[in-house]
Amino acid sequence: SNTTNATSCTLCPSGHSTLGQRGQSICLPCNRGSATSALGSSFCHRCLPGSYSDVYGSQVCTSCPGGSYQPLSGSWNCTQCTPGSVSKPASIECKICGENTYASISDCISCNMWSSSKAGSSACTQPSWRTGALIGGLIGVILILIGTYIY
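A. Structural detail: the overall build of the chain. Looking only at helices and strands, one finds 1 helix and 12 strands in the chain. Written out in order from the N terminus, the α and β elements of the chain read β-β-β-β-β-β-β-β-β-β-β-β-α. Buried residues in the chain amount to 24% of all 151 residues. Here the contacts in the chain between residues at least 6 apart in sequence split such that 28% fall between residues at least 24 apart.

See below:
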């Protein structure tokens with residue numbers, strides 16, 4: 001009589017792999033910086049630039065949020081942009097804001113007509129002479145209007 005000893009295979013769950021070994025009985029969690037959403041995966045895939053995975057056994061990589069970046073694949077974190085620079089979600093680099101704009105997480109915002117900034121600024125500034133001139137001009141207009149009204 002012929003008898004066959006057959007064993008059944010169990011698929012690795014999402015976030016785990018056999019590290020490329022077919023017939024492997026051990027499923028290992030994906031390392032930080034990698035993920036797999038497939039059942040029975042032989043490999044975990046490295047996170048692409050602009051994304052990360054900070055936990056073991058991850059099913060998906062997460063996009064870096066606006067205001068941060070990651071130029072490398074297989075990363076487990078994102079780096080914050082330096083003050084005065086911005087990035088969109090899933091970025092691989094930050095962009096320095098130009099002159100007369102300021103950084104606001106993922107966008108460079110234009111300064112208003114009464115203010116200015118140097119490239120790489122986090123805020124617009126209003127020069128003190130403009131403030132004085134503006135206030136002095138308004139007071140002058142008010143006095144002229146009052147004088148016109150009285151006479």
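B. Quick look at the state of the cysteines. In total, this model carries 7 disulfides according to the counting rule given. Here C30 pairs with C44 through a disulfide, and the sulfurs are 2.0 Å apart. Taking the torsion about the sulfur-sulfur bond, which here is approximately -80°, the covalent link between C30 and C44 counts as left-handed. Of the two residues, C30 sits in the loop between strand 2 (28-29) and strand 3 (34-35) while C44 sits in the loop between strand 3 and strand 4 (45-46), which places them 14 residues apart along the sequence. Judged by relative accessible area, C30 falls into the buried class, the value being 1%. The residue that forms a disulfide with C97 is C108, at a sulfur-sulfur distance of 2.1 Å. Between C97 and C108 the sulfur-sulfur dihedral comes to about -90°; the bridge is accordingly left-handed. With C97 in the loop between strand 10 (95-96) and strand 11 (101-104) and C108 in strand 12 (residues 107-110), this pair connects stretches of sequence that are 11 residues apart. We classify C108 as partly exposed; its relative accessible area is 25%.

C. Structural detail: the environment of Y102. For Y102, the position within the fold is in strand 11. Classification of Y102 by relative accessible area gives partly exposed; the value is 26%. Put simply, Y102 and S117 are 15 residues apart on the chain and 7.1 Å apart in space, counted from C-alpha to C-alpha.

D. The arrangement of unusual backbone geometry in detail. With a phi angle near 65°, A90 is a residue other than glycine that sits in the positive phi range. A relative accessible area of 38% means that A90 is categorised as partly exposed. Phi at N100 is positive, roughly 65°, even though this residue is not glycine. Tracing the backbone shows N100 in the loop between strand 10 and strand 11. N100 gets classed as partly exposed once you look at its relative accessible area, which sits at 35%.

E. Spatial organisation of the pattern of salt bridges. Under the counting rule described, the total for this entry stands at 1 salt bridge. Of the charged contacts in the structure, one is a salt bridge between K88 and D107, with a shortest N-O distance of 2.4 Å. Here D107 lies in strand 12 and K88 lies in the loop between strand 9 (85-86) and strand 10, a separation of 19 residues in the sequence. Take D107: its relative accessible area is 34%, and that puts it in the partly exposed class.

F. Just the side chain of S91, in detail. Following the sequence through the fold, S91 ends up in the loop between strand 9 and strand 10. Separated by 2.6 Å, the side chain of S91 and the backbone oxygen of K88 make a polar contact. Those residues in contact with S91 that lie beyond four places of it in its chain are G50, S68, Y69 and Q70.

G. Molecular detail of the pairing of strand 11. Of the two faces of strand 11, only one is covered, namely that formed by T101 and A103; the face formed by Y102 and S104 stays uncovered. In this sheet, strand 12 lies alongside strand 11 in antiparallel orientation, the contact comprising 4 bridges. The partner of S104 across the bridge, within strand 12, is D107. Connecting strand 11 to the antiparallel partner strand 12 that follows it, the hairpin turn spans 2 residues, and I105 within it adopts a positive phi of roughly 60°.

Analysis parameters
Residues numbered from 1 in each chain as written. Predicted model: local features only at pLDDT ≥ 70, side-chain atom pairs only at ≥ 80, totals over all residues. Heavy atoms only, no water. Helix = DSSP H or I, 4+ residues; strand = E, 2+ residues; numbered from the N terminus. Buried < 20%, exposed > 50% of the residue type's maximum accessible area, 1.4 Å probe, protein only. Contact = heavy atoms within 4.5 Å. Disulfide = S-S within 2.5 Å. Salt bridge = Lys/Arg side-chain N within 4 Å of Asp/Glu carboxyl O. Polar contact = N/O pair within 3.5 Å; in protein donor to acceptor, adjacent residues only side chain to side chain. Pairing = 2+ DSSP bridges.

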